[in-house]
Amino acid sequence: MNKTRQRDLGTPASPAEERVQIEIDGLPATVNAGTSILRAARESGVDIPKLCATDSVKPFGSCRLCLVEIEGRKGYPASCTTPVEAGMKIRTQTEALSTLRRNVMELYISDHPLDCLTCAANGDCELQDMAGAVGLRDVRYGYDGENHLDAPVDASNPYFQFDTSKCIVCSRCVRACDEVQGTFALTIEGRGFNSRVSAGISEDFLDSECVSCGACVQACPTATLTEKSIVDHGQPDHAVVTTCAYCGVGCSFQAEMKGDQVVRMTPYKDGEANHGHSCVKGRFAWGYASHRDRVMKPMIRDNTSDPWREVEWEEAIQYTADRFKAIQEEYGRKSIGGITSSRCTNEEVYVVQKLVRTAMGNNNVDTCARVCHSPTGYGLNTTLGTSAGTQPFDSVMDADVIVVIGANPTAGHPVFASQMKQRVREGAELIVVDPREIGLVRSPHIEAAHHLNLLPGTNVPIVNALAHVIVSEGLADEAYVKERCDLESWESWKAMILRPENSPEEVAKVSGVDAEKIRAAARLFGNARNGAIYYGLGVTEHSQGSTMVMGMANLAMATGNIGRSGVGVNPLRGQNNVQGACDMGSFPHELAGYRHISGEEVRTQFEQHWGVTIDPEPGFRIPNMFDAACAGEFKGMYIQGEDVAQSDPDTHHVEAALSNMDCIVVQDLFLNETAKFAHVFLPGTSFLEKNGTFINAERRINRVRKVMEPQQGKDEWLITQELAQAMGYNMNYASAAGIMDEIAELTPTFKNVSFDFLDKVGSVQWPCNDDAPMGTPIMHIDQFVRGKGLFVETEYVPTEERTNRKFPLLLTTGRILSQYNVGAQTRRTDNNVWYGEDLLEVHPSDAEMRGIRDGEMVALASRKGDITLRAKITTRVKPGVVYTTFHNPETGANVVTTEYADWATDCPEYKVTAVQIAPASRRSEWQEGFDARAKEQGRIERPVD
Ligand code: SF4
Ligand code: SF4
Ligand code: SF4
Ligand code: FES
């Protein structure tokens, strides 16, 4: 059997707590009541043969290979569909069973190609294993009867193929697509001999509803559904468990290796965030790590108009240190700073903020959370006392009413979306608050009870109106509030929320959502036994982002929905380690663990450990850095794994700031957009080359393990360490594990965390310390971290960005499933077959009014700038609203976004821009300039050997 195959217990675990005693082949066993005999046997080390059963889906009982005998019962029941009963005596190996199983296998094999030796699944095929297990030696019927051996191969999906000739019609794939993924893309069509798996009526996989999550491939026991990487490279010989480097779900994967080459990523069953599921990005889109665009040598240049010059590490690091020191000498200590990356490990992030606070001697450090979830930190900390979500993902399985606000989980957090959909199929009600009709509003077997399709920028009035109905109709949980919350704040909040402007009728006028719809949604949530709120960047990236986060916390507290399973306020974090980057002290006003830099006690602790004096004044946030750069006061930046030139709003302003600096250092895998303004390029490592930890949206600290050595020759934390040393600060770690040890020593919420501990327990959710040695899945159980929950008045202050006759439409932005963030990784994979360019979604009425046709180019103009992109006419957006993504640098979506930002945190208002659209025949001026700059960027001088 394949060495990397994960153990399959045959059927899902029984949730029952009661234990029952049984006997299997004469030996006693104790299992959970309701466990299938197949699983009970496997848990006890007895592998009953099976084909149609697998532990990720419900048993089906079609192959008849898992038959057993039960004392006192007639016949041979299928063990996968028969639950154990106390005292049951089961026999799994008898002469009669052997004969029956051999007969079954004989039929399967008579219609199966006998090309095992050359088959891609050779050694990893359950059919092959079962033929061996039942002792099949010959097929009496011969191989010449009617069969499917010439059936065609569907190779349309870029990552896996479907070879019908090898299909045994066990329907594991169909059930995986239905039950695990929830897409319902596959069916078994035809009957009897003619039955076959189909991805749609006369459709191949690529054109079907399939979202390429890989669940069917994982479930398939034969070579029918096989990864193309396995077809090309053969079976793996070892595997390393690590964590996906895309989104904040933080799925665990087995990186399956052949020598030092990754041949497959399979979702890890024991991964506590994903339970063996995956999405197209983590499962298949890892080829970017070895893409030809990857930069492998450090490069420097005196001026951005010069070509890049490849140099050795030592020279690049010394050059950087010299330039940074020269800037500080001329412009002062605070004239330089750094940005940490949410894609890097905690250990890599921690050393960058430490470099800024020690070697640079200031607090000018910020992170990309500034442009995504900084309002989450502010809002949840203010109301509840912790800058993080309250629940584990599994908590959703106990929710009765789920509210999704400003998030598109099926695109942005697909594995969690599958779990959420599973709960909705079980009966939970769903309320979606989003300007667009996102996938969750309506999909197979899913129908949101309410879709509040508000106008962009009106989240706060909507949440206030929901609270208004709940309070005015007596649906608030007064007893909970009395016991758990600050009553003075409750009274003043209540008075505010009951004001007429917060009534659904008034809010309907600003939000465009029918008052009755708001009332109905509020009643549904207010009456829920367990109501859970999930939200994303559609909440935070507004000028009222922090207000809205507090509005949701108010709503959850008022209804008693915090502090147990099935409830809570849960940010769906965008990038893989955005939670960790915030936890690690990446903000200019906080040290690790969210402790304010002005706190003397905390500062002293770090000062003693680091041997420096720490500036008690907060440093610059990213937008302050850009403003100061434009003013000629901020001159140097060390940017770890972030592409600010593409991702940050108001591109013209960002480009002006970057152009005005004397030394920009970019540490990344690729020459990204920011690197066009850089003087030093330090090649980074992919997640496959790192040792460390990521923290997902549920505060789960997951291990990231090196499966290969850094391809550019140096660990990323070591690059930062050597830069600190070259600048005169003696940073001195021997390993990433040593960095985590220091984090744990200096951060109370991480006190018990170490690589050894994580390797032992798998993963843990912070706080993890002496009070909670095995971590804290659910926060605020008996009381809020801040003591009493604080209600904060959430008055609606509309954004300054307004529509008018010149810019009558509202642009909002978001993501697509197959691409990720600025696309640096996914654009360098076959994911482009699904979404190769950013499209502008336009409602048919807006399109018609302007003579815009589907698929044609349109100019999108705002007060800030203009770009051209292709139109997609759709009713997913309502009239007056247009929508696009920002995955492709050549589109330049942020050329049009504005400088408006959240009042508390400066998180940019990406979600609301007043725009106009018109048919276009050419690219915009900025886009034409982009092409010229891209050509320039490619100029690299390499030393002659
Ligand atoms: S494709 Fe695989 S999983 Fe699906 S029915 Fe065929 S053999 Fe079973
Ligand atoms: S890859 Fe996922 S979505 Fe596509 S058919 Fe398989 S299980 Fe369904
Ligand atoms: S859901 Fe997120 S973490 Fe999981 S595989 Fe997909 S991108 Fe990776
Ligand atoms: S494994 Fe039980 S009937 Fe197929």
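Our structure's up above, just so we're on the same page.
Basis of the calculations
Counting starts from 1 at the beginning of each chain's written sequence and moves along it residue by residue. Chain letters start at A and ligand numbers start at 1, both assigned in the order the entries are written. Owing to the predicted nature of the model, reporting of local features is limited to residues with pLDDT of at least 70; listing and counting of side-chain atom pairs is limited to 80 or more, with chain, interface and lining totals taken over all residues. Only hydrogens and water are removed before side-chain values are computed, so all heavy atoms of the structure are retained for them. Numbering of helices and strands runs from the N terminus; a helix is a DSSP stretch of H or I covering at least four residues, while a strand is a stretch of E covering at least two. Each radius of gyration is computed over the set of C-alpha atoms, and the globule rule expresses the reference value as 2.2 Å times the number of residues to the power 0.38. Accessibility here uses a 1.4 Å probe with only protein chains present; expressed as a share of the type maximum, an area under 20% marks a residue as buried, one over 50% as exposed, and anything in between as partly exposed. Note on contacts: a residue pair qualifies if any of its non-hydrogen atoms lie within 4.5 Å across the two residues. The accessible surface values rely on the Shrake-Rupley method and a 1.4 Å probe; as for residues, cover is taken only from the protein chains in view. A residue counts as positive if it is Lys or Arg and as negative if it is Asp or Glu; His and the chain ends are not included. In this description, the location of a charge corresponds to atom NZ of lysine, CZ of arginine, CG of aspartate or CD of glutamate. Throughout this document, a residue counts as near a molecule or strand when at least one of its heavy atoms sits within 4 Å of that molecule or strand. The nonpolar class holds Ala, Val, Leu, Ile, Met, Phe, Trp, Tyr, Cys and Pro. Asp, Glu, Lys and Arg form the charged class, and all remaining residues, Gly among them, are polar. Each pair of strands is called paired provided DSSP finds at least two bridges between the two strands. Axes here mean lines fitted to C-alpha atoms, for a helix over just the part in contact, with angles spanning 0 to 180 degrees between N-to-C directions. By convention a crossover is right-handed if, when the strands point away from the viewer, the path from the first strand over the helix to the second runs clockwise. Put simply, angles under 35 degrees are roughly parallel, angles over 145 are roughly antiparallel, angles from 65 to 115 are roughly perpendicular, and the rest are oblique. The sense of a crossing depends on the near helix, which, turned anticlockwise from the far helix by less than a right angle, makes the crossing left-handed and, turned clockwise, makes it right-handed. In this scheme, a helix's expected span is set at 1.5 Å multiplied by one less than its residue total. In this context, the arc is that of the directions from the helix axis out to the C-beta atoms. Residues adjacent in sequence count toward polar contacts only when both atoms are side-chain atoms; beyond that, a polar contact is any pair of N or O atoms within 3.5 Å, and within protein one must be able to donate a hydrogen and the other to accept it.

> I'm lost on the overall build of the protein chain in this one. Help?
Along the backbone of the protein chain there are 29 helices and 38 strands. Taken over C-alpha atoms, the radius of gyration comes to 29 Å for the protein chain, in line with the 30 Å a tight globule of 945 residues would show. When the backbone C-alpha atoms are referred to their principal axes, the protein chain occupies close to 90 × 80 × 65 Å. Put simply, the protein chain has 945 residues, and 64% of those count as buried. Once local pairs closer than 6 in sequence are excluded, the contacts in the protein chain between residues at least 24 apart make up 72%. Accessible surface for the protein chain amounts to roughly 34,200 Å². Of this, 49% is attributable to carbon and sulfur atoms. The averaged location of the 127 negative side-chain charges in the protein chain is 2 Å from the averaged location of its 94 positive side-chain charges.

> How should I be thinking about the site of ligand 2 in this particular structure?
Surveying the vicinity of ligand 2 reveals the residues Phe160, Cys177, Gln181, Leu186, Phe205, Cys210, Val211, Ser212, Cys213, Gly214, Ala215 and Cys216. When residues of the shell around ligand 2 are traced back to their parent elements, those giving at least two are helix H4 (172-181) and helix H5 (215-219). Across the shell around ligand 2, the residue classes tally to nine nonpolar, three polar and no charged.

> It is not clear to me how the sheet that holds strand E31 (residues 763-765) should be interpreted in this structure. Could you clarify?
Hydrogen bonds along the backbone pair up the strands of a sheet, which may run parallel or antiparallel. With antiparallel pairing, the three strands of this open sheet are ordered in space as E29-E30-E31. Looking at strand neighbours, the two that pair on one side only are strand E29 (692-695) and E31, the edges of this open sheet. Neighbour to neighbour, the strand axes of the sheet diverge by 30° on average, direction disregarded. In the sheet, strand E30 (residues 700-704) pairs with E31 via three bridges, with the strands oriented antiparallel.

> Would you mind showing me how to read the pairing of strand E15 (residues 336-340) here?
Every regular strand shows the same layout, with side chains that alternate between the two sheet faces. Among the five residues in E15, five count as buried, and that is most of the element. When E15 meets strand E26 (residues 636-640), the two strands line up parallel, connected through four bridges. Note that in E26 the partner of Ile339 across the bridge is Ile639. Between the parallel pair E15 and strand E16 (residues 365-367), the chain is carried across by helix H9 (residues 346-358), and the sense of this crossover is right-handed.

> What is the right way to look at the site of ligand 3 in this model?
Taken together, Cys244, Tyr246, Cys247, Val249, Gly250, Cys251, Phe253, Cys279, Lys281, Gly282, Pro414 and Val415 make up the full set of residues adjacent to ligand 3. Those elements giving two or more residues to the shell around ligand 3 turn out to be helix H7 (280-284) and helix H12 (414-426). Considered class by class, the residues forming the shell around ligand 3 number nine nonpolar, two polar and one charged.

> I'm lost on the sheet that holds strand E34 (residues 857-862) in this one. Help?
Around the barrel, six strands lie side by side as E32-E36-E33-E35-E34-E37; this closed barrel has mixed pairing. With direction set aside, neighbouring strand axes in the sheet form an average angle of 45°. For E34 and strand E35 (residues 866-873), the ladder comprises five bridges, and the chain directions are antiparallel. Across the sheet, Val858 pairs through a bridge with Leu869, a residue of E35.

> Looking at this structure, how should I read the packing of H9 against helix H26 (residues 736-746)?
When two helices pack together, their arrangement is given by the angle between the helix axes and by the axis-to-axis distance. Where H9 contacts H26, the axes come no closer than 9 Å and their chain directions differ by 70°. Here H26 runs roughly perpendicular to H9, going by the angle between their axes. Crossing angle aside, the handedness with which H9 passes H26 is left-handed. For the pair formed by H9 and H26, the contact residues are Asn346, Glu347, Tyr350, Val351 and Lys354 on the first element and Ala736, Ile739, Met740, Glu742, Ile743 and Leu746 on the second.

> Where do I start with helix H17 (residues 515-526) in this structure?
Between its first and last C-alpha, H17 extends 16 Å over 12 residues, near the 16 Å set by a 1.5 Å rise per residue. Among the residues of H17, Ala515, Ile518, Arg519, Ala521, Ala522, Phe525 and Gly526 are the ones counted as buried. Summarising the axial view, the buried residues of H17 lie within an arc of 165°, below the 170-degree limit, and thus occupy one face.

> How should I be thinking about the environment of Lys494 in this particular structure?
Mapped onto the secondary structure, Lys494 falls in helix H15 (residues 487-497). Sequence spacing of Lys494 and Leu186 is 308 residues, and the spatial spacing of their C-alpha atoms is 50 Å. With near-sequence residues (within four places) excluded, Lys494 lies in contact with Val471 and Glu478.

> Please clarify how the side chain of Gln819 should be interpreted in this entry.
Of note, Gln819 is situated in the loop between strand E32 (809-814) and strand E33 (839-842). Classification of Gln819 by relative accessible area gives buried; the value is 1%. Of note is the side chain of Gln819, whose polar atom sits 2.7 Å from the side chain of Thr826. Excluding residues within four positions of it along the chain, Gln819 makes contact with Lys281, Thr826, Arg827, Asn831, Asn832, Tyr835 and His887.

> Looking at this model, I keep getting lost on the packing of H9 against helix H25 (residues 716-726). Mind explaining?
Where H9 contacts H25, the axes come no closer than 9 Å and their chain directions differ by 15°. As the angle between them shows, H9 and H25 are arranged roughly parallel. Handedness of the crossing formed by H9 with H25: left-handed. From H9, Glu348, Val351, Val352 and Leu355 reach across to H25, where they touch Glu716, Trp717, Thr720, Leu723 and Ala724. Looking at the contact of H9 with H25, its residues break down into six nonpolar, one polar and two charged.

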